[in-house]
Number of protein chains: 2
Amino acid sequence: MIKVGIVGYGNLGRGVTLAVDMAKDMECVGIFTRRDPESINPVVNFPVYSMDKLQSFKGEIDVLLLCGGSATDLPKNTANLLKDFNTVDSFDTHAKIPEYYDSLEKVAKENGTLSAISIGWDPGVFSIARMLFGAVLPNGKDYTFWGKGVSQGHSDAIRRIDGVKNAIQYTIPKEQALESVRAGENPTLTTREKHMRECFVAVEDGADKERIEKEIKEMPNYFADYDTIVNFVSEEEVKEMQQKLSHGGFVFRSGNTTDKNSHLLELSLKLDSNPEFTGSVLTAYGRAVARLSKEGKTGVVTVFDVPLKYLSPMDEKDLIKNLL
Amino acid sequence: MIKVGIVGYGNLGRGVTLAVDMAKDMECVGIFTRRDPESINPVVNFPVYSMDKLQSFKGEIDVLLLCGGSATDLPKNTANLLKDFNTVDSFDTHAKIPEYYDSLEKVAKENGTLSAISIGWDPGVFSIARMLFGAVLPNGKDYTFWGKGVSQGHSDAIRRIDGVKNAIQYTIPKEQALESVRAGENPTLTTREKHMRECFVAVEDGADKERIEKEIKEMPNYFADYDTIVNFVSEEEVKEMQQKLSHGGFVFRSGNTTDKNSHLLELSLKLDSNPEFTGSVLTAYGRAVARLSKEGKTGVVTVFDVPLKYLSPMDEKDLIKNLL
């Protein structure tokens, strides 16, 4: 049995808990939280401990599944945890991955631990598709579309506007762009042509909706380059939408082997629950990290480094027989 | 530069030749054929040698890309070639892969060579999808659909019928089945419900078409379990259809993380040229085999064993920066 610890119990922690429970070859040593352990009632009856206790489990946990956020939790904590434990995380700030990688590599090597970073669906499953598709169809073009799904960063940005009580933002791929890519037209798409953004905003009584809508639509980086729809709704409506955490997207590669012959490769995900699916991917890579660590591997790995067979609880002969 | 040899120059050999030509990090030492080398005019101006000459290139070729068929060429020749060379092949007789694997493993280990087997799109890219999807969504169901595309085995079977001059058979996934899977209905599909078979048959003058159609439709294993359409056409029409080697298919996994939340993962390929795309995949794995062999790896590997980064000519840092 692979012994795992779950660090953090938000939406992702809950998803990981469900996935670990489903894995017949794993047992959960505990969920570790910075909150009062008594205040947490996990979806599966695993023991809950304070983070302070984690250190005392050194040697009893094969891998920690880190369920903190990329903005502060992971950059602050992963290096420290790596001194005593193997880790898997879902660090997803694309631009900062190389820096994050470097910050962990030395610690892991020095302490003989292994860290799989940026695991989930993007980065993660989508990265696998981009890399594989590019390698097998070198003369081609990549397209990644996200959605329909909630962007946490964009929702946060709206909430910071004066007069906004709560807000949720959906990223939506444009049908016309998807169709053009699927038709093998190899279009050059601007940011505006790929995705649109739809916002549902609850404002304070008497707030200037016109000003708020303008501030959203003109916000640089976040909205200015997109067609943005702003809907004003009640706080209750926003709250209800926040319960539904569905997401998904598409990775395409369209290219040629000769002038005459073109090919279209497509991966698509339709996810009812972003955190539950991400948690499930994290758990599969937890299995891989535990195994690779036992074989002596140390340092930082990404989805590009891990042979896929390590993700499955199936025996290699069965994998070949049933899935190859 | 990675030095490759191409063994065999049929449709697949031609596809591999195009792919090797496109790979900036590869050079082709030669195309090796059992035919008269003078009779071959390759699509790219690589040297062509008789198979007898291959042995003399020992030590000068990093990897052989084997372009022979799975029925006789590969089972007969690969073990022998592995004594002196690393190899990649597209062995695709699913049921016989374990046996083929075992027949090569000992030779490769004894001779310090490396062999990647069953590389292409199915087995190959589709196997990666089946394995990855299953690992990240363990509570679910797999579906693989092939087509629309030509099945060589089924075309051959028709050609063996008395009175048939030439024939081509297309495997076509049934729209209704695809739609049901895409809708997340997790259907249980019979063979007949998944695919249909359409045949184009040229017969000899005066042949009994009714008898031939009956023989096709009732042929056990090949057609009896399918809805089969038989069209009688001219020899020229069959020949023209045989020029077009498009294919493709779909791998789905549909499953749940909780009772409430389901997820749908889909990979699809639309290929104008089956042999050119297969050749492109073979070439990418040729790169991986050459590199892994340099690192000291020996034995037999499949797509489940090879870390994806080995497939790309890109530097690891660039992969992380651009594709993760």
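Keep in mind that this is a model prediction, so the values were computed, not measured.

### Side note on the overall build of chain A
When you go through chain A residue by residue, the secondary structure sums to 11 helices and 14 strands. In terms of overall dimensions, chain A is globule-like: its C-alpha atoms have a radius of gyration of 22 Å, near the 20 Å expected for 324 residues. Considered along the principal axes of its C-alpha atoms, chain A spans approximately 60 × 60 × 35 Å. Split into buried and exposed, the 324 residues of chain A put 58% on the buried side. The positive charge centre, built from 39 side chains, and the negative charge centre, built from 47, are 4 Å apart in chain A.

### Describing the packing of aromatic side chains
All names here are of chain A. According to the stated counting rule, one finds 16 aromatic pairs over all chains in the structure shown. Between phenylalanine 32 and tyrosine 49 the ring centres are 5.5 Å apart and the planes differ by 25°, which places this aromatic pair in the stacked class. In this pair, phenylalanine 32 sits in strand 2 (residues 26-33) while tyrosine 49 sits in strand 3 (residues 48-50), placing the two residues 17 residues apart along the sequence. Tyrosine 49 gets classed as partly exposed once you look at its relative accessible area, which sits at 26%. Here tyrosine 49 and phenylalanine 57 contribute two aromatic rings whose centre-to-centre distance is 5.0 Å and whose plane-to-plane angle is 50°, an arrangement assigned as tilted. Residue placement shows lysine 194 over the ring face of phenylalanine 145; its charged tip is 5.2 Å from the ring centre. The side chain of arginine 197 reaches across the aromatic face of tyrosine 226, ending 4.1 Å from its centre.

### Brief notes about the environment of B:Ser56
All names here are of chain B. As for its placement among the helices and strands, serine 56 is situated in the loop between strand 3 (48-50) and strand 4 (63-66). For the pair serine 56 and alanine 19, spaced 37 residues apart in the sequence, the C-alpha separation amounts to 25 Å. Within the structure, the side chain of serine 56 is placed 2.6 Å from the backbone oxygen of lysine 53, a separation counted as a polar contact.

### A short note on the state of the cysteines
Residues and elements named next belong to chain A. Going through the model one piece at a time under the given rule, you end up with zero disulfides over all chains. Cysteine cysteine 28 shares no disulfide, and the gap to the nearest cysteine sulfur, in cysteine 67, comes to 9.9 Å. Classification of cysteine 28 as buried rests on a relative accessible area of 12%.

### Considering unusual backbone geometry
All names here are of chain A. Here the bond from aspartate 122 into proline 123 is cis, since omega is 0°, no more than 30 degrees from zero. Residue position: proline 123 is located in the loop between strand 6 (114-116) and helix 4 (125-136). Glycine 147 connects to lysine 148 through a cis peptide bond whose omega is 0°. Tracing the backbone shows lysine 148 in the loop between strand 7 (140-146) and strand 8 (149-150).

### Things to note about the interface of chain B and chain A
Taken together, the contact pairs 62 residues of chain B with 62 residues of chain A. Interface of chain B and chain A: buried area, both sides summed, is about 5,500 Å²; carbon and sulfur atoms make up 65% of it. Broken down residue by residue, the surface that chain B buries against chain A is led by B:Phe304, B:Leu308 and B:Leu324, which jointly contribute 14%. Counting the contacts that link chain B with chain A gives four salt bridges.

### Regarding the nonpolar core
With 158 residues, the main nonpolar core has A:Tyr285, A:Leu311, B:Tyr285 and B:Leu311 as its most contacted residues. When neighbours within four sequence positions are excluded, B:Leu311 is seen to be in contact with A:Met131, A:Leu132, A:Ala135, B:Ala284, B:Tyr285, B:Arg287, B:Ala288 and B:Val306.

### Details of the relation of the copies chain B and chain A
Between chain B and chain A, which share one sequence, the superposing operator has a rotation angle of 180° and an axial displacement of 0.0 Å; the RMSD is 0.1 Å. The transformation relating the two chain copies, once decomposed into turn and shift, fits a two-fold axis.

### Comments concerning helix 6 (residues 175-182) of chain B
All names here are of chain B. Along helix 6, the residues classified as buried are Ala177, Leu178, Ser180 and Val181. Each buried residue of helix 6 sits inside an arc of 165° when the element is viewed along its axis, so together they form one side. Opposite the buried face of helix 6, by more than 90 degrees, sit the exposed residues Gln176 and Glu179. Among the structural elements, strand 7 (140-146), strand 9 (164-173), helix 7 (191-194), strand 12 (247-256) and strand 13 (262-271) are those in contact with the buried residues of helix 6.

### Regarding the confidence of the model for chain A
In this model, chain A carries an average pLDDT of 96, and 100% of its residues clear a pLDDT of 70 or more. Interface scoring of the predicted complex returns ipTM 0.95; its pTM is 0.95.

### A word on the packing of helix 10 (residues 274-294) of chain A against helix 4 (residues 125-136) of chain B
Between helix 10 of chain A and helix 4 of chain B, the shortest axis-to-axis distance is 8 Å and the interhelical angle comes to 105°. By the angle class used here, helix 10 of chain A and helix 4 of chain B are roughly perpendicular. Together, A:Phe277, A:Ser280, A:Val281, A:Ala284 and A:Tyr285 of helix 10 of chain A and B:Leu132, B:Ala135 and B:Val136 of helix 4 of chain B make up the contact between the two elements.

### Examining the pattern of salt bridges
Scanning the model with the defined rule gives 38 salt bridges over all chains in all. Between B:Asp25 and B:Arg287 there is a salt bridge; the shortest N-O distance is 2.7 Å. One end of the pair, B:Asp25, is in the loop between helix 1 (11-22) and strand 2 (26-33); the other, B:Arg287, is in helix 10 (residues 274-294), with 262 residues separating them in the sequence. Residues B:Asp25 and B:Arg287 agree in their burial class; the two are buried. Here the salt bridges do not stand alone but share partners, grouping A:Lys174, A:Arg192 and A:Asp227 into one network.

### A word on the side chain of A:Glu198
Residues and elements named next belong to chain A. With respect to the secondary-structure elements, glutamate 198 resides in strand 10 (residues 195-203). We note that glutamate 198 is buried and unpaired, the nearest opposite charge coming from lysine 148 at a distance of 5.0 Å. Within the structure, the side chain of glutamate 198 is placed 3.0 Å from the side chain of asparagine 231, a separation counted as a polar contact. In this structure, glutamate 198 is in contact with Ile168, Gln169, Tyr170, Ile172, Ile229 and Asn231, ignoring residues within four places of it in sequence.

### Overview of the sheet that holds strand 7 of chain B
Reading across from one edge, 7(A)-12(A)-13(A)-13(B)-12(B)-7(B) is the order of the six strands in this open sheet, with antiparallel pairing throughout. Edge positions in the sheet fall to strand 7 of chain A together with strand 7 of chain B, since each of these pairs with one other strand and no more. On average, adjacent strands in this sheet sit at an angle of 5° to one another, irrespective of strand direction. Taken together, the seven bridges between strand 7 of chain A and strand 12 (residues 247-256) of chain A define a ladder with antiparallel strand orientation. Note on strand 12 of chain A: the bridge partner recorded for A:Asp142 is A:Arg253.

Procedures and definitions
- Residues numbered from 1 in each chain as written.
- Chains lettered and ligands numbered in written order.
- Predicted model: local features only at pLDDT ≥ 70, side-chain atom pairs only at ≥ 80, totals over all residues.
- Heavy atoms only, no water.
- Helix = DSSP H or I, 4+ residues; strand = E, 2+ residues; numbered from the N terminus.
- Rg over C-alpha atoms; globule rule 2.2 N^0.38 Å.
- Buried < 20%, exposed > 50% of the residue type's maximum accessible area, 1.4 Å probe, protein only.
- Lys, Arg positive; Asp, Glu negative; His and termini not counted.
- Charge placed at Lys NZ, Arg CZ, Asp CG, Glu CD.
- Phe/Tyr/Trp six-rings, centres within 6.5 Å; stacked < 30°, edge-to-face > 60°.
- Lys NZ or Arg CZ within 6 Å of the ring centre and 35° of its normal.
- Polar contact = N/O pair within 3.5 Å; in protein donor to acceptor, adjacent residues only side chain to side chain.
- Disulfide = S-S within 2.5 Å.
- Contact = heavy atoms within 4.5 Å.
- Buried area = accessible area lost by both parts, 1.4 Å probe.
- Salt bridge = Lys/Arg side-chain N within 4 Å of Asp/Glu carboxyl O.
- Core = buried A, V, L, I, M, F, W, Y, C linked by side-chain atoms within 4.5 Å.
- Least-squares fit on C-alpha atoms with pLDDT ≥ 70 in both.
- Arc of directions from axis to C-beta.
- pLDDT = per-residue confidence, 0-100.
- Axes fitted to C-alpha atoms, helices over the stretch in contact; angles between N-to-C directions.
- Parallel < 35°, antiparallel > 145°, perpendicular 65-115°, else oblique.
- Pairing = 2+ DSSP bridges.

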